[in-house]
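Inside the fold
Residues per chain are reported as follows:
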Amino acid sequence: MSCSDDSGQRGTRINDLPEDILCSIVSQLPLQDRVTTSLVCRAWRRLWLSSSNWRLELQDFRGVSNKKQKFEELVDRVIFFPDRPHIHHLKLVHTDYDISSQKASLWIESLLNQQILDLDLNIMDPIPLPLSLFRCDTLVELRLCLHCDFISLPPNAVLLPRLKVLSLQKGHFIGDSLQSLINGCTLLVTLKLRECVVVGPEFLDITIPQTTLQEVILDKCHFLRDTKLHMSTVNLTTFRYKGLNLGGNMHYLNVQTSVEMVQLEPVEFHSVYSFSRRLGFSGTYGQNMSRTLAAFCNTKHMVLSDWCIEYLTNVPNAMRFPPFMRLESLRLSMWPNGGHVYVTTYLVLFPPLLRFLSLRISKAHREGMADDDRLDYPHPPDLLSTEMIHNNLKKVEIKKYGVLNAELDLIKFLLKNAVSLEKLSIKWCACVGASRRKSLRNTIRSYPLASQNLELYIH
Amino acid sequence: MSTESKEILVGESSQAKPEKKTIVLMASDGDEFVVDVDDITNQSEMIRNLISDMGGTDGLQVPLLNVTAPVLAKLLELFNVSNKNDDDEEVTQKVKELMEAELNMMIDVLGAANYIEATSFFDLSCKVLADKFKGMSVEEVREFLNIECDFTEEELQQIHAENAWAFD
């Protein structure tokens, strides 16, 4: 492989390498730099077009005159480039596509013939997706942004035998189309649904039966109110939920013993919530949340939004979840009131392996968030005066700390009981003035410390 | 190390750790390199397949006709860095240093990694090289890689016209 070149330098020059290696190098470059390489020398002229890995986004053509046409020309050149190995990975973002053009169907057809492995399509106007896309036996990862297009898939229309990752955004699924799609992915590992809607005449449960399933992410989706979610739990390790109506969807969750990472971030309309509470449904919110948490009894990492905490303040004496024997890190958001401090303390107190705690305290910017507005809530039991040595807690961070008395009590409690605490950092909420900060800093510094080597950061 | 393993073998034969296995890689000039089987199969798909085809590692000698001794030595040195670290940071740094100091050697290493199908090391090295000429002008790329421009002025203009969106 070694040879001498004209300049007398020892060793191999880059153009002595086989073309596929040169192509691998060029493939590591972003689009603009790839094109530059076509000017290097004759051997490199068409190298960039033979890459099997593409990311084509209209926004990269910003400032180009007639950009839509130029972009589509490039996509044509890339997808229909003759002598080269197949395209294996392609991300195509075309947000100014004209539905009357037939190009997109031809692109997809060609990619499917090229035995594509990884396809990520975001085309607007939404195009009718060919059924052959859902019967491709090479696809391993499929990501589709559907721009609120209605998707109707007959049962048994889908067979994606190698697909591991299915990510769908803004799809409106008619009837059991979503279920058909899930059923056709026999080896599914990751399912991500973002801003998806299920439209149907009747209540439809969603079942993900694949035992290969490891990760489920549901982000701002709208299912029907009583949609139940059934998942295979054999290998599931990550579950993330963001959006409305957690109680409704999760009502019938089985115990997910395998889950190691759970993120529950429900949101709620304040008006709907307080109306339901006035109608007497406060206990239901609390019990559902309590049961949902109990389903993730073996989790190692947990993220909870302020609404999770809020639901639980409705049933302080009836929280029913195990002590999370394996929990190592806990991140949660809360409102500045006694009820939330109680629930937080309860969550922090019992997990024996908990090492990291992050609290984010939001301002009481709405009615019902501060203590004065919460006279109709059950009075929480006193937890903070108990003695409870916590052996493993090492790091605590508190963000947007607004210094309510109950919050101070929580800090006092942590300092008194966490014998291994190494770092406590507190960031103030902007509303706390300088003199108040100073006096609070002194107050906190005067609290008894259980830990011998604590670094205290009070910003 | 070998005595230690044998003692364990006598004590509890069924649970004993097997002795570390090695194979021999032969460079194009005949130099032999003894390598740990786990270390090399961790990197090289070709050798992994070879061992499974041969049904074992006993006395296995693998001639690498395309790789000279200095290149193989450098490649094994980098594999060693890669095997010792969980993330790629350290080995990326070493490949970068090699590229800056001896580009020709780095190119040979890249060819050898491709030849023995050390896929992840190969991809990492391609990335290091590509990162170097990211953002460079074409003249800078040519200079860095020591490539002569063999285009005519007409051809250059034609390429410019084909990809006007990228160059304007």
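The name recorded for chain B in an unreviewed UniProt entry is SKP1-like protein, from Musa balbisiana. Check the Sequence similarities (unreviewed entry) section of the UniProt entry for chain B; it says "Belongs to the SKP1 family."

Named according to an unreviewed UniProt entry, chain A is F-box domain-containing protein originating from Musa balbisiana.

1. Notes on the overall build of chain B
A tally of regular secondary structure across chain B gives ten helices and three strands. Along the chain direction, N to C, the helices and strands of chain B fall in the order α-β-β-α-α-β-α-α-α-α-α-α-α. Burial status across chain B gives 43% buried among its 168 residues. At a minimum sequence separation of 6, the contacts of chain B that also span at least 24 residues come to 56%. Of the accessible surface of chain B, which amounts to about 9600 Å², a share of 46% is contributed by carbon and sulfur atoms.

2. Description of the sheet that holds strand β2 (residues 32–36) of chain B
Residue and element names in this part refer to chain B. Spatial ordering of the open sheet is given by β2-β1-β3, a layout of three strands whose pairing is mixed. The two strands at the open ends of the sheet, each matched to only one other strand, are β2 and β3 (61–63). Going from strand to strand, the sheet's axes swing by 30° on average, the running direction of each strand aside. Relative to β2, strand β1 (residues 22–26) runs antiparallel, the two being bridged by five bridges. Considered in β2, the bridge of T22 is made with D36. Sheet strands touched by helix α4 (residues 69–84): β1 and β2. Its angle to β2, the strand with the most contacts, is close to 15°.

3. What about the packing of α4 of chain B against helix α5 (residues 89–101) of chain B?
In a pair of packed helices, the angle between the axes and the distance between the axes together describe the arrangement. Residue and element names in this part refer to chain B. Orientation of α4 relative to α5, taken along the N-to-C sense of each, is 155°, at an axis distance of 8 Å. Classified by the angle their axes make, α4 and α5 are roughly antiparallel. By crossing handedness, the relation of α4 to α5 is classed as right-handed. Contacts between α4 and α5 involve K74, L78, V81 and S82 from the first element and E90, V91, K94, V95 and L98 from the second. Per-class residue counts for the contact of α4 with α5 are five nonpolar, one polar and three charged.

4. A look at the confidence of the model for chain B
Per-residue pLDDT for chain B averages 87, and the proportion of residues at 70 or more is 89%. Confidence drops under a pLDDT of 50 for residues 1–16 of chain B, and excluding neighbours within four residues, the segment shows six contacts in the predicted structure.

5. Comments concerning a nonpolar patch on the surface
Residue and element names in this part refer to chain A. Taken together, the side chains of F150, I174 and V199 make up a nonpolar region of the molecular surface, amounting to roughly 250 Å² of accessible area. Assignment of secondary structure puts I174 in strand β5 (residues 165–174). Of the residues examined, I174 reaches a relative accessible area of 39% and is grouped as partly exposed.

6. Remarks on the UniProt feature "domain: SKP1 component dimerisation" (unreviewed entry) in chain B
Summarizing the sequence annotation, UniProt attributes the feature "domain: SKP1 component dimerisation" (unreviewed entry) to residues 122–166 of chain B in the numbering used throughout. The span residues 122–166 of chain B carries 73% helix and 0% strand; its end-to-end C-alpha distance comes to 29 Å.

7. Re the UniProt feature "domain: SKP1 component POZ" (unreviewed entry) in chain B
Feature annotation in UniProt places "domain: SKP1 component POZ" (unreviewed entry) on residues 21–77 of chain B, given in this structure's numbering. With 46% helix and 23% strand, residues 21–77 of chain B has its two end C-alpha atoms placed 19 Å apart.

8. Details of a negative patch on the surface
On the surface, D86, D87, D88, E89, E90 and E97 of chain B cluster together to form a negatively charged patch. Among the structural elements, D87 of chain B can be located in the loop between α4 and α5.

9. Let's talk about helix α4 (residues 103–113) of chain A
Residue and element names in this part refer to chain A. Among the residues making up α4, those that are buried are A104, W107, I108, S110, L111 and L112. At its buried positions, α4 is contacted by α3 (67–79), β2 (89–94) and β3 (118–123). Two residues or fewer past α4, Q115 is found with a positive phi of approximately 55°.

10. Description of the nonpolar core
Core analysis: the largest hydrophobic core is formed by 196 residues, its most contacted members being W44, F239 and L347 of chain A together with L25 of chain B. Excluding anything up to four places from it in sequence, L25 of chain B contacts D31, E32, F33, V35, I40, I47, V62, L64, L72 and L76 of chain B.

11. A few points about unusual backbone geometry
Between M124 of chain A and the following residue, D125 of chain A, the backbone shows a cis peptide bond with an omega angle of 5°. Residue position: D125 of chain A is located in the loop between β3 and β4 (141–151). The residue K170 of chain A is not glycine, and still its phi comes out positive at about 55°. By the element assignment, K170 of chain A lies in strand β5. Take K170 of chain A: its relative accessible area is 27%, and that puts it in the partly exposed class. One non-glycine residue with positive phi stands out, namely N146 of chain B, at about 60°. Its location among the elements puts N146 of chain B in the loop between α8 (138–145) and α9 (153–162).

12. Side note on the pairing of strand β15 (residues 356–361) of chain A
Residue and element names in this part refer to chain A. Most of β15 sits out of view: five of its six residues are buried. As judged from the six bridges shared by strand β14 (residues 329–334) and β15, these two strands associate in the parallel manner. If you follow S329 over to β15, its bridge partner there is F356. Handedness of the β14-helix α9 (residues 338–349)-β15 crossover: right-handed. By the bridge criterion, five bridges tie β15 to strand β16 (residues 395–401) in an arrangement that is parallel. Looking at β16, one finds that S358 is bridged to E397.

About the thresholds
- Residues numbered from 1 in each chain as written.
- Chains lettered and ligands numbered in written order.
- Predicted model: local features only at pLDDT ≥ 70, side-chain atom pairs only at ≥ 80, totals over all residues.
- Heavy atoms only, no water.
- UniProt positions renumbered as here; feature names shortened; annotations may be inferred.
- Helix = DSSP H or I, 4+ residues; strand = E, 2+ residues; numbered from the N terminus.
- Buried < 20%, exposed > 50% of the residue type's maximum accessible area, 1.4 Å probe, protein only.
- Contact = heavy atoms within 4.5 Å.
- Areas by Shrake-Rupley, 256 points an atom, 1.4 Å probe, with all protein chains shown as cover.
- Pairing = 2+ DSSP bridges.
- Axes fitted to C-alpha atoms, helices over the stretch in contact; angles between N-to-C directions.
- Parallel < 35°, antiparallel > 145°, perpendicular 65-115°, else oblique.
- Left-handed = near helix turned anticlockwise from the far one by under 90°.
- Nonpolar A, V, L, I, M, F, W, Y, C, P; charged D, E, K, R; others polar.
- pLDDT = per-residue confidence, 0-100.
- Patch = residues over 30% accessible without salt bridge, like charges linked within 9 Å, V, L, I, M, F, W, Y side chains within 5 Å.
- Salt bridge = Lys/Arg side-chain N within 4 Å of Asp/Glu carboxyl O.
- Lys, Arg positive; Asp, Glu negative; His and termini not counted.
- Charge placed at Lys NZ, Arg CZ, Asp CG, Glu CD.
- Core = buried A, V, L, I, M, F, W, Y, C linked by side-chain atoms within 4.5 Å.
- Right-handed = clockwise from strand over helix to strand, strands pointing away.

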